[in-house]
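Here is how the chains run, residue by residue.
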Amino acid sequence: MKMKSNFFLLIKLMLMCLILFLFFNFISVLLASVIIYLKKGFFPFSWESVFVSFFKSGYVGGLILGFGIWIKIWLKERKNQKVPPE
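Keep in mind that what you see is a predicted model, and the values were worked out from it rather than measured.

Visitor: What's the story with the environment of Leu9 in this structure? I'm lost.
Guide: Summarising the element assignment, Leu9 is placed in helix H1 (residues 2-40). Residue Leu9 is classed as partly exposed on the basis of its relative accessible area, which comes to 25%. Through-space distance from the C-alpha of Leu9 to that of Trp47 is 30 Å; in sequence the pair is 38 residues apart. When sequence neighbours within four positions are dropped, the list of residues in contact with Leu9 reads Trp70 and Ile73.

Following this line, the structure appears as structure tokens:
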């Protein structure tokens, strides 16, 4: 049962990190579009550019971050199991 909950935690963490990276990708494209609008006078924002940028590189960071957090939690649980209670 422990392994099953760890697997669901891994999936949950990866999805949350993917959503986080997508959100920050959206913010960065929006900010760049606002800067271009203020300098040049046109607003080049498109959802296509947000998703293209995310699928080129953003998803990798989300997956690695989710996996890294899961490893940290797993190591902390393992350390807590080895330490005898006082």
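Visitor: Whenever I open this one, the side chain of Ser33 confuses me. Can you help?
Guide: Within the secondary structure, Ser33 sits in helix H1. Judged by relative accessible area, Ser33 falls into the buried class, the value being 4%. Aside from chain neighbours lying at most four places away, what touches Ser33 is Phe42, Phe43, Pro44 and Phe45.

Cut-offs used in this document
- Residues numbered from 1 in each chain as written.
- Predicted model: local features only at pLDDT ≥ 70, side-chain atom pairs only at ≥ 80, totals over all residues.
- Heavy atoms only, no water.
- Helix = DSSP H or I, 4+ residues; strand = E, 2+ residues; numbered from the N terminus.
- Buried < 20%, exposed > 50% of the residue type's maximum accessible area, 1.4 Å probe, protein only.
- Contact = heavy atoms within 4.5 Å.

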